[in-house]
Structures are given as structure tokens and as C-alpha cells.
Amino acid sequence: MAVLSPPKPSTDEERTPRRIAFRQKRGKWDVKLSPYLYISPFFVLFAITGLFPLVYTAWVSVHDWNLLIGQGEMVGLQNYVDVLHQPNFWKALRNTFSIFLLSSVPQVIIAIILAALLDANIRAKTFWRMGVLLPYVVAPVAVGLIFGRLFADQSGTINAVLDIIGVDPVRWHAEILPSHFAIATMVNFRWTGYNTLIFLAAMQAVPRELYEAAIIDGAGRLRQFFSVTVPQLRATIIFVVITSTIGGLQIFDEPRMFDPSGMGGADRQWMTLTMYIYELGWGNQKSFGRAAAVAWILFLLIVVIGVLNFLITRRISSSGTRAVARAKKKSLREAPPTPPAPTAPLAPTGVGVPAAADPTTQPDDLPDNGTTTTGRTR
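Residues numbered from 1 in each chain as written. Predicted model: local features only at pLDDT ≥ 70, side-chain atom pairs only at ≥ 80, totals over all residues. Heavy atoms only, no water.

As annotated in an unreviewed UniProt entry, the chain is Sugar ABC transporter permease from Sanguibacter biliveldensis. As recorded by UniProt, the Sequence similarities (unreviewed entry) comment attached to the chain reads in full: "Belongs to the binding-protein-dependent transport system permease family." Under the heading Subcellular location (unreviewed entry), UniProt records this for the chain: "Cell membrane". (UniProt positions renumbered as here; feature names shortened; annotations may be inferred.)

**Student:** Would you mind showing me how to read the environment of Pro207 here?
**Tutor:** In this fold, Pro207 is placed in the loop between α7 (176-204) and α8 (208-216). For Pro207, a relative accessible area of 37% gives the class partly exposed. For the pair Pro207 and Gln232, spaced 25 residues apart in sequence, the C-alpha to C-alpha distance is 9.4 Å. (Helix = DSSP H or I, 4+ residues; strand = E, 2+ residues; numbered from the N terminus. Buried < 20%, exposed > 50% of the residue type's maximum accessible area, 1.4 Å probe, protein only.)

**Student:** Would you mind going over the nonpolar core with me for this structure?
**Tutor:** Nonpolar side chains in soluble globular proteins generally cluster together in the buried interior. By size, the foremost hydrophobic cluster in this structure holds 21 residues, and its most contacted members are Val83, Phe89, Leu273, Tyr276 and Val294. Elements that contribute at least two residues to this core include exactly α2 (78-84), α3 (87-119), α12 (273-282) and α13 (288-334). Per-element tally for this core: the top contributor is α13, with eight residues. Setting aside chain neighbours within four positions, we find Phe89 in contact with Val83, Leu84, Leu273, Tyr276, Val294 and Ile297. The next biggest cluster of nonpolar side chains, apart from the first, holds 15 residues, and it includes Ala202, Phe225, Ile237 and Val240. (Core = buried A, V, L, I, M, F, W, Y, C linked by side-chain atoms within 4.5 Å. Contact = heavy atoms within 4.5 Å.)

**Student:** Sorry if this is basic, but what is going on with the environment of Arg129 here?
**Tutor:** Within the element layout of this structure, Arg129 appears in helix α4 (residues 125-137). Sequence separation between Arg129 and Leu114 is 15 residues, and the spatial gap between their C-alpha atoms is 9.7 Å. In this structure Arg129 touches Leu118, Leu197, Leu200 and Gln204, once residues within four positions along its chain are discounted. Within the structure, the side chain of Arg129 is placed 3.4 Å from the backbone oxygen of Leu118, a separation counted as a polar contact. (Polar contact = N/O pair within 3.5 Å; in protein donor to acceptor, adjacent residues only side chain to side chain.)

**Student:** I tried to follow the packing of α4 against α7 on my own but got confused; where do I start?
**Tutor:** What describes two packed helices is the angle between their axes and the distance between those same axes. Viewed as axis vectors pointing N to C, α4 and α7 meet at an angle of 140 degrees, and their least axial separation amounts to 6 Å. Taken together, α4 and α7 sit at an angle that is classed as oblique. The two elements α4 and α7 cross, and the hand of that crossing is left-handed. Of α7, the residues touching α4 (which contributes Arg129, Val132, Leu133, Pro135 and Tyr136) are Phe189, Arg190, Trp191, Gly193, Tyr194, Thr196, Leu197, Leu200 and Gln204. (Axes fitted to C-alpha atoms, helices over the stretch in contact; angles between N-to-C directions. Parallel < 35°, antiparallel > 145°, perpendicular 65-115°, else oblique. Left-handed = near helix turned anticlockwise from the far one by under 90°.)

**Student:** Hey, could you run me through the pattern of salt bridges in this one?
**Tutor:** Think of it this way: side chains of opposite charge can pair up when their charged atoms draw near. Throughout the structure, instances matching the rule amount to five salt bridges. The partner of Asp267 in a salt bridge is Lys91, with the nearest N and O atoms 3.1 Å apart. Placement of the pair is Asp267 in the loop between α11 (253-256) and α12 and Lys91 in helix α3, with a sequence separation of 176 residues. For Lys91, a relative accessible area of 25% gives the class partly exposed. (Salt bridge = Lys/Arg side-chain N within 4 Å of Asp/Glu carboxyl O.)

**Student:** Hey, could you run me through the packing of aromatic side chains in this one?
**Tutor:** What describes a pair of aromatic rings is the distance from one ring centre to the other and the angle between the planes of the rings. The tally for this structure, following the rule as stated, stands at 20 aromatic pairs. Seen in terms of ring centroids, Tyr136 and Trp191 are 5.2 Å apart; in terms of plane orientation they differ by 65 degrees. Their pairing is edge-to-face. With Tyr136 in helix α4 and Trp191 in helix α7, the pair connects residues that are 55 residues apart, well separated along the chain. Looking at Trp191, the relative accessible area reads 29%, which means it is partly exposed. Ring pairing ties together the aromatic residues Phe147, Phe151, Trp172, Phe181 and Phe189, which thus form one cluster. (Phe/Tyr/Trp six-rings, centres within 6.5 Å; stacked < 30°, edge-to-face > 60°.)

Below you can see the structure in the form of C-alpha cells.
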């Protein structure tokens, strides 16, 4: 008679491996996807406030778009051709690059020097660091109004000081180069302190052992600055140069507030590309299509100059690193070879050869008790 075993009851143990496998997959998905979810708000906001306006501006630039009438027919690259044939565009381009060079280059140099002074052991460090940043807090409109009065042609403070010295008054609002110098002074006043704090933060991250080694080698303060501080700031210098390039080519507030009219001078002596965009879109022409074309030309110029700045600064940085490596290799080749350390000769084994001194050796004045003076048994 066959005995039938009862059916095996179903338990949760059979489903346990599936649950564990799903949890493991969910954990892997969490590890892989969570970093992208954390950084996604930035890219979403950038797509809404940065990427979409950029693409939409390109769409507007190929249409006959008027401020009052609205979108017209597609004209292709005709807006770009019309803009390039206008003399005010080339004046604005010249003024933009001139003000950019007069402001960005001295700004970076002065910022590095000020950061080195603030990094030194001086009293009231916090006070001086806050004082350097104060001009950045001032509104650009207020800075433009103040410096516009300082550089006034007739009753300006600068011309009054020059008159006391015996120098003829400068026509700050009538000539090209003096107006660019005055506007660059405003830009340097506002942004030098900001860049100074960036360089100061980078200098405080430099290992102090490098300075101690330089002091031991006999390097002075100036030598330490050029041989230790500046090479350690290469990445920061690249960042500051690129950001200064972007901001310098998009300058608008300072030249706009340099005179009451805000048109860039009677002959457009200091009108920049951003001011020219404003004039095309909201001035007499009211052409959004041409204004968008100039905006895209400015965007392409910023990209090209930013890439060139990055490549040049990166090449300088890599050449400096290779020079240091070559100097190290040269010093290693020219250094005299280190002689090998002397080693004690091995004593041959045999009769009649004294062994090395041993603390267990008995002195000579002790009686002979069956051992030699070398501690060996007979």
C-alpha cells in the first residue's frame, strides 16, 4: 500500500529570493540615478533661463521681427548682412574690445597683488578683506553716476587735480581713448575686489611646506611669489581670465551711465555691443531681428575668445610644468653619483683568525677557565 505524503505547504521562503533581487536592483538604480537627480535642478533651470532664450534668439535673428508689428517673414542671414554693413556695429566692436583690454588685464594683475598682500601676516585682516569687497556691493548705476561726475569735462574732480598739477584738462566725454580709460576705471573699481577674494582663497590653499622649503633655499618674498604662489594659481588664473572675458565683452551698465544721454557719446565714442543691441531693438530701428543677430555675433565672439584664452593659459601652465620637470631631470643628471656605503669585510672562517669583539668575551686578567680570550671554547 503506497503512502502518500501530504503536499508541501507554500511558505514565503520561496518568494524571498525574488524580493531580495528586486531590492538589489532598486539599490543599484538608486546609486546610478540619484546623482543625476541631485544635479537636475540646475540643468532644468539652465534649459529654461539660458538654453531656450539662446535658441529663441537664433530663431528671431533669421526673421524680419519688429518691436511693434511682431514676427515677419523669414529673411535668413539678411539681418547679419545688414548689421555687418552698418558703421556703428564696427565702432561698437572696437569700443568693446578696447574697454575690455583696458579693464581685464590690469584687473587680474592688481587682484593678484592685493591677494598676496592680504595673505601676508598683517593686522586686521578681516577689516581689509571686507574693505576690498565693498566696491563690489555698490550698485553699478551709482558707480556710473559717481565716476561720470569725477571724469566730467568741465567741472570734474580729475580735471581739477590735473589743473593743479599743470596738465591740460582731458576731454573724457569727447575723445575715444580717454572715455575708454574712464569706463575701464569704473569696471576695475567694481570687480578688482571680487577677483582679489578668489585669488586669496586659492592662495590660502597653497601648502605652507612649499614656502618653508623656499625659505630654506634662501628665496626672498619676491622670489617666493613668482616661484611658488603664481605657479600654484594657474587653475584660478584660467578661471578668472575666462570669467573676466565673458563679463568684459558684455559690459553695459558702466558705459550706459557714463553720461546723461546713455547713447555712447555724440559720435558713439564708447558705445559697446550690448548698447548697440539695445539701440537696434528699442531705438529708432526697433528691429528685434537685427538686435538678435548682433547678440548671436557677440555670443560667438565670446565663445571663440574664451576658447583661445583657455588654450593659451593651459599651454602656459603646461609649459611651466614641463620646465619644472626638465629642471628636475637636469639637476638629477648633473648631480654626482652617490658612492655606495662601505660594508665591513667578512672574516674567513678558520683557525688563527680572531673573531669580532663580543660583549661575552672575557678579559685577559681573568684566570683561564677553559675558554679563550675570544670567548670560544678550546
